[in-house]
Amino acid sequence: MEVRIPKRTLAEGLSILERIIPNRSSNPILTYLPIELSDTGLTLRGTNGEVDIEVRLPAEIQGSGQVLVPAQTFSQIVRSAPGELVELIFGQGSEGVKGAGAGATGERLELHSGAFNTQLSTTSPDGYPELSFSQPGTEKIAASRLAQAITRVRYAASTEEYRAIFRGVQLEMSPNGLRSVASDGFRLARYDLPLQLQTRKLVIPARSADEIVRVFKDAQGEVAFAVGEGSLTLVGESVRMAVKLMEGEFPDYARVIPQSFVLEATLAAEALRESLKRVAVLSDRNNHRVNLLFNDGKLDIDAEGDYGRGREELSIDSSGEPQLMVAYNAQYLIDALAPIEGAVRIKLSGPTSPSVVQAVEDTGYLAVVVPLRV
């Protein structure tokens, strides 16, 4: 079996898989990279038990078959190869794979690129777990838009083990669109995309959601998908991905979104975000408190900690009560502002009641932040 493939093409394919293939595992075979040669090209696969990925690459192929190579070592060799073209020759060697255990075959891979050449032991794919891809239907989502919907809310997912379902991103599909939601109990982020989909609701582990974004954020075209028994399969132009889903669904998060407000203020999101970052440097270390005083067309931001006090004033367009003081964890408010380009509208329901943060231009985005007690 022989393969001729541009180094850049092979390196890009490997970069998609590298994050999910573990360097160490209680099941050592997962540290290997399955390589398959066929009439359709070169196929690379990998799994960490939670995320399965298959990458199809165009290449000049002679022969067919499948082998396993040590993933980390193979990736390092390809990245450092000096030539623009990589040639892979699979054949019989004199030694097996040290430490590969059952299934070691004594085969080897020759890699040539420019003046560089090396040999790498391979092993049989016997015993490698079967990847769990479902056959997608006719429904599709633009790859970049799916990644956008997840990215807009991902920051609000919990990182605490005991938070269970809140450690995921919920996707809600309906004939009205795709909604993504994340919450850690102290803040909530929601994003709506206008689409026509079958009604479904599923929760993706936050780390798996990160992999979906990484793989598809710059992808062209659309992604077909299928919801199987406990898994979501996404199929792009050259990549198939399957992620295990979390059991359960979010509680009724709509109850925490206020419907009436005593004050609304509009200003540039970037100006507010950067001001908060500057002032928060001097906030206390425990809850990173910043005080926001909305005062008749002005917003005073101040924080005080062990090393002093910071203050900044911004101009705003406001309506409602002429004056209101609200305190927040600075990072929570900065995170809520991060997805917003252009103007932001902040809606206050009281000094200690949840506040709503909305993008003015991108009306699909909404965040809820719970203030600190003044």
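This is a predicted model, so every value here is computed, not measured.

The rules behind these values
Residues numbered from 1 in each chain as written. Predicted model: local features only at pLDDT ≥ 70, side-chain atom pairs only at ≥ 80, totals over all residues. Heavy atoms only, no water. 1 Å grid on protein atoms, 1.4 Å probe; cavity = no way out; pocket = protein on both sides within 12 Å on 5 of 7 lines; lining within 4 Å. Points joined across faces, edges and corners; volume = space filled by probe spheres on them. Nonpolar A, V, L, I, M, F, W, Y, C, P; charged D, E, K, R; others polar. pLDDT = per-residue confidence, 0-100. Contact = heavy atoms within 4.5 Å. Salt bridge = Lys/Arg side-chain N within 4 Å of Asp/Glu carboxyl O. Helix = DSSP H or I, 4+ residues; strand = E, 2+ residues; numbered from the N terminus. Buried < 20%, exposed > 50% of the residue type's maximum accessible area, 1.4 Å probe, protein only.

1. Focus: empty space enclosed by the protein
Consideration 1: For the structure on display, the rule yields 1 cavity of 30 Å³ or more.
Consideration 2: Put simply, the largest cavity is a space of about 50 Å³.
Consideration 3: Looking at the largest cavity, the residues that line it are Ile 141, Leu 146, Leu 171, Met 173, Ile 204, Ile 212, Phe 225, Leu 232 and Leu 234.
Consideration 4: Its residues assigned to classes, the lining of the largest cavity shows 9 nonpolar, no polar and no charged.

2. Quick word on the confidence of the model for the protein
Low pLDDT means the predicted coordinates in that region are not meant to be read closely.
Consideration 1: Put simply, the protein has an average pLDDT of 92, and 96% of its residues get 70 or more.
Consideration 2: Predicted confidence for residues 94-105 stays below pLDDT 50, and this span has 19 contacts to residues more than four positions away or in other chains.

3. Looking at the pattern of salt bridges
Consideration 1: All chains considered together, the criterion is met by 25 salt bridges.
Consideration 2: As a salt-bridge pair, Arg 4 and Glu 60 come within 3.6 Å of each other at their nearest N and O atoms. Taken together, the residues span a long stretch of sequence, with Arg 4 in strand β1 (residues 2-6) and Glu 60 in strand β5 (residues 60-62) at a distance of 56 residues.
Consideration 3: One salt bridge in this structure joins Glu 54 and Arg 240, with 3.0 Å as the shortest N-O distance. With Glu 54 in strand β4 (residues 51-57) and Arg 240 in strand β17 (residues 239-244), this residue pair connects regions lying 186 residues apart in the sequence.
Consideration 4: Given a relative accessible area of 5%, Glu 54 falls into the buried group.

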